[in-house]
Amino acid sequence: MSENRHEHAAGHVIERHRHDEHQLVYVIRGVLAVRTDRGAWVACADRAVWMPAGTWHEHRVYGASEVLTLMFPSHDAPLDGTAPAVIAVSALLRELLIAATEPGLGAAEADRLHLVLRDRLRRAQDRPLTLPVARDPRLAHACRLVTEDLSRPRTTAWLARRTGTSERTLSRLFRVEFGTTYPQWRTTTRVFHAMIQLAEGASVTRTAHRCGWATPSAFVETFTRTMGRTPGSYRATQPRRHAP
């Protein structure tokens, strides 16, 4: 197993590539989306992304980020090696990931850390935070209309008119391609963009308004239910800087 630790400026992109080994990506601070042809998987303070060997992908960083990557042989994976996944990072797993990527580790110490790390990875639960990519052009158009201005609560009827289709057809496309409803997809998208806003230094109130929540309290409730922590506590883990 090999490991690396890198710091990246906000907006940094690692262009499309693939590895002969499996890769686990985690961020100590910031937000990172690992994108494939199927969608985006999000790594943050309490989630890591598992990218199987041979999968074409790119990395996009949001907010000043510190990123950890660990590589595992394709024949000896602690997680399912067939599809990308997002796993929960417990407090213990986080410390193991940080310790395993410290420079200057001796071989014996590294071996002991890796054994425990593999055990904890096998016990890690899936915590999906995924943004799928639409294949149908009507659905793709609808998704773009929503993400271009999340502050506006676009209805299915409005999207159907703008994309030249019916509400029924559009709802079916969300279910068939994404396996979810339009409101569920929009909530996930808003939470993802809220994470970016918070990582870049925006306040909880400003983030709530930018991402389309009617009140900060409604935003706090949804974010906490999705991420398992309040936006304030999530923001506290990010590097200090002025909001853009």
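Only a predicted model underlies this, so the values are computations on that prediction, with no experimental measurement involved. Sequence order as written defines the numbering, with residues in each chain counted from 1. Local features are withheld for residues below a pLDDT of 70 in this predicted model, meaning they are given only at 70 or higher, and side-chain atom pairs are given and counted only at 80 or more; totals for whole chains, interfaces and linings count all residues. Side-chain measures were taken over the full set of non-hydrogen atoms in the model, leaving aside hydrogen atoms and water.

*Asks:* Is there a simple way to explain the overall build of the protein chain in this structure?
*Replies:* Put simply, DSSP marks the helices as runs of H or I at least four residues long and the strands as runs of E at least two long, and each gets a number from the N terminus on. Helix and strand content of the protein chain: nine helices and eight strands. The size measure is the radius of gyration over C-alpha atoms, and the globule rule it meets is 2.2 Å times the number of residues to the 0.38 power. Over its C-alpha atoms the protein chain spans a radius of gyration of 19 Å, differing by no more than 12% from the 18 Å that the globule rule assigns to 244 residues. By principal-axis analysis of the C-alpha atoms, the protein chain measures approximately 65 × 40 × 30 Å. Residues classed as buried in the protein chain amount to 48% of the 244 residues present. Contacts between residues were defined by any pair of non-hydrogen atoms, one from each residue, lying within 4.5 Å. Sequence separation of at least 24 residues holds for 75% of the intrachain contacts in the protein chain that already meet a minimum separation of 6. The charge count treats Lys and Arg as positive and Asp and Glu as negative. His and the chain ends do not count. Charged side chains are reduced to one point each, which is NZ for Lys, CZ for Arg, CG for Asp and CD for Glu. Placing the 34 positive and 24 negative side-chain charges of the protein chain at their respective mean positions leaves the two points 10 Å apart. Remark: exposure states derive from per-residue accessible area (1.4 Å probe, protein chains only) relative to the maximum for the residue type, with buried under 20%, exposed over 50%, and partly exposed in between.

*Asks:* Just checking my understanding: could you explain the side chain of Thr-169 for this structure?
*Replies:* Positionally, Thr-169 belongs in helix α5 (residues 167–178). At 2.9 Å, the side chain of Thr-169 and the side chain of Ser-166 are in polar contact. We define a polar contact as two N or O atoms separated by no more than 3.5 Å, with the added condition that, inside protein, one atom must be a possible hydrogen donor and the other a possible acceptor, whereas residues neighbouring each other in sequence contribute only through side-chain atom pairs.

*Asks:* Sorry, what's going on with the confidence of the model for the protein chain here?
*Replies:* Values of pLDDT, the confidence the predictor places in each residue, fall between 0 and 100. In the predicted model, the protein chain carries a mean pLDDT of 88, and the fraction of residues at 70 or more is 95%. Segment residues 240–244 is flagged for pLDDT under 50; beyond a separation of four residues in sequence, or across chains, it makes 11 contacts in the model.

*Asks:* What's the story with the pairing of strand β6 (residues 57–72) in this structure? I'm lost.
*Replies:* Moving residue by residue along a regular strand, the side chains alternate between the two faces of the sheet. The buried count for β6 comes to 14 of 16 residues, which makes it a mostly enclosed element. Bridge analysis of strand β1 (residues 2–8) against β6 gives seven bridges, and the strand direction is antiparallel. The residue bridging Arg-5 from the neighbouring strand is Leu-68, located in β6. The sheet contact formed by strand β2 (residues 13–17) and β6 spans three bridges and is antiparallel. Of the residues in β6, the one forming a bridge with His-17 is His-57. Of the strand pairs in this sheet, strand β3 (residues 22–36) and β6 are connected by 12 bridges, and their pairing is antiparallel. Bridge pairing in β6 links Val-31 to Tyr-62. At least two bridges found by DSSP between two strands is the condition for calling them paired.

*Asks:* Just to check I follow, could you spell out the layout of surface pockets for this structure?
*Replies:* A probe matching the size of a water molecule, rolled over the atoms, marks out where space remains unfilled. Think of a 1 Å grid over the protein atoms and nothing else: a 1.4 Å probe that fits but is trapped marks a cavity, an open set flanked by protein within 12 Å on at least five of seven lines marks a pocket, and residues with an atom within 4 Å of a point count as lining. Grid points are joined across faces, edges and corners, and a volume is the space filled by probe spheres set on the points. Of the volumes computed, that of the largest pocket is approximately 420 Å³. In terms of residues, the lining of the largest pocket owes the most to one element, helix α6 (residues 182–199), which gives four residues. As a working rule, the residues Ala, Val, Leu, Ile, Met, Phe, Trp, Tyr, Cys and Pro are called nonpolar, Asp, Glu, Lys and Arg charged, and the rest polar, with Gly in that last group. Residue classes in the lining of the largest pocket are distributed as nine nonpolar, seven polar and four charged. Roughly 300 Å³ of volume is contained in the second largest pocket. Leu-131, Pro-132, Cys-143, Thr-147 and Trp-185 are the residues nearest the centre of the second largest pocket, which is lined by 15 residues in total. Elements supplying a minimum of two residues to the lining of the second largest pocket: β8 (130–132), α3 (137–148) and α6. Across the lining of the second largest pocket, the residue classes break down as 10 nonpolar, three polar and two charged.

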